[in-house]
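Residues per chain, in single letters:
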Amino acid sequence: MSQALSPTSAGPVVGRQHEVAQLHQWYARAMGGERQFVVLSGELGIGKTTVVDLFLASLAPGTRIGRGQCVEHYGEGEPYLPLLEALGRLGRGPGGDRVVVVLQRYATLWLVQLSGLVPEIELERVQRRVEGATAVRMLRELAEALEVLTTETPLVLVLEDLHWSDRATVELLGYLAQRRG
């Protein structure tokens with residue numbers, strides 16, 4: 001499924017077509033049902049975001065894309081911030097109703113953190129459902145929700161600047177990367 005970049009989509013990027021083609025190979029494997037976990041790393045300013053943008057722009061229509069940004073912080077930072085941002089964007093984007101339904105069923109603790117995705121009366125009901133739940137449960141919940149979401153539609157999560165990430169996000173990514181299936 002590797003696709004060559006068209007001259008109009010390549011823009012000013014020179015010499016990064018190999019990286020974009022590699023992302024397409026991993027995407028094709030994911031489309032075949034094989035979960036992929038990819039980390040794109042490199043020095044500041046070498047075009048990582050541009051490579052990701054080129055890749056995302058060339059994906060098949062209907063692919064769910066969630067983007068989240070880690071921010072530089074001092075101290076702990078908000079747990080799961082880039083994932084919450086990505087899920088919030090997914091819930092407000094095309095097909096967002098399905099994302100919200102899946103979160104309601106499989107990842108209630110996450111939905112509580114995304115209060116803008118549900119009406120206030122529904123939010124109160126969801127909050128009651130999670131009373132007494134532990135934060136550790138959030139890992140399992142999101143993994144289950146992502147499994148359900150990706151059975152019908154591909155999902156690409158892009159989390160930028162993970163070197164600024166909080167510990168909880170790193171632990172969740174480790175959990176997701178080590179899952180089998």
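Residues numbered from 1 in each chain as written. Predicted model: local features only at pLDDT ≥ 70, side-chain atom pairs only at ≥ 80, totals over all residues. Heavy atoms only, no water.

**Regarding the overall build of the protein chain**
Part 1 of the argument: For the protein chain, the count of helices and strands is nine helices and two strands.
Part 2 of the argument: Ordered by position from N to C terminus, the α and β elements of the protein chain give α-α-α-β-α-α-α-α-α-β-α.
Part 3 of the argument: Relative to its length of 181 residues, the protein chain is compact, with a C-alpha radius of gyration of 17 Å against a globular reference of 16 Å.
Part 4 of the argument: If you line up the protein chain on its principal axes, its C-alpha atoms span 55 × 40 × 30 Å.
Part 5 of the argument: Residue burial in the protein chain is summarised as follows: out of 181 residues, 39% are buried.
Part 6 of the argument: Put simply, 69% of the contacts in the protein chain that link residues at least 6 apart link residues at least 24 apart.
Part 7 of the argument: Carbon and sulfur atoms form 53% of the exposed surface of the protein chain, whose accessible area is close to 10,600 Å². (Helix = DSSP H or I, 4+ residues; strand = E, 2+ residues; numbered from the N terminus. Rg over C-alpha atoms; globule rule 2.2 N^0.38 Å. Buried < 20%, exposed > 50% of the residue type's maximum accessible area, 1.4 Å probe, protein only. Contact = heavy atoms within 4.5 Å. Areas by Shrake-Rupley, 256 points an atom, 1.4 Å probe, with all protein chains shown as cover.)

**Re unusual backbone geometry**
Part 1 of the argument: Look at Tyr80: it is not a glycine, yet its phi comes out positive at around 65°.
Part 2 of the argument: Within the element layout of this structure, Tyr80 appears in the loop between strand S1 (64-69) and helix H4 (81-92).
Part 3 of the argument: Note on Tyr80: relative accessible area 8%, which makes it buried.
Part 4 of the argument: Positive phi values are uncommon outside glycine, yet Asp161 reaches one of about 60°.
Part 5 of the argument: Within the element layout of this structure, Asp161 appears in the loop between strand S2 (155-160) and helix H9 (167-178).

**What to know about the nonpolar core**
Part 1 of the argument: Among the nonpolar cores identified, the biggest contains 35 residues, and Tyr80, Leu103, Trp110, Leu111, Leu142 and Leu172 are the most heavily contacted of them.
Part 2 of the argument: Looking at this core, the elements with two or more residues in it are H4, helix H5 (96-106), helix H6 (108-113), helix H7 (120-129), helix H8 (137-152), S2 and H9.
Part 3 of the argument: It is H8 that provides the largest number of residues to this core, a total of eight residues.
Part 4 of the argument: Once you skip the residues sitting within four places of it in the chain, Leu111 turns out to touch Val100, Leu103, Gln104, Leu117, Val118 and Val126.
Part 5 of the argument: Counting residues in hydrophobic clusters, the runner-up holds eleven residues, among them Leu23, Leu54, Leu59 and Val156. (Core = buried A, V, L, I, M, F, W, Y, C linked by side-chain atoms within 4.5 Å.)

**Topic: the confidence of the model for the protein chain**
Part 1 of the argument: Predicted confidence across the protein chain gives a mean pLDDT of 85, with 91% of residues reaching 70 or more.
Part 2 of the argument: Ranking the helices and strands of the protein chain by mean pLDDT puts H4 first, with 95, and helix H1 (residues 7-10) last, with 41.
Part 3 of the argument: In the model, residues 1-10 has pLDDT below 50 throughout and makes 15 contacts with residues more than four positions away in sequence or in other chains. (pLDDT = per-residue confidence, 0-100.)

**Topic: the side chain of Thr63**
Part 1 of the argument: You can see Thr63 is positioned in the loop between helix H3 (48-57) and S1.
Part 2 of the argument: Within the structure, the side chain of Thr63 is placed 2.6 Å from the side chain of Tyr27, a separation counted as a polar contact.
Part 3 of the argument: In this structure the side chain of Thr63 is engaged in a polar contact, spanning 2.9 Å, whose partner is the backbone oxygen of Ala60.
Part 4 of the argument: In this view, Thr63 contacts Tyr27, Thr153, Pro154 and Val156; residues no more than four positions away in its chain are not counted. (Polar contact = N/O pair within 3.5 Å; in protein donor to acceptor, adjacent residues only side chain to side chain.)

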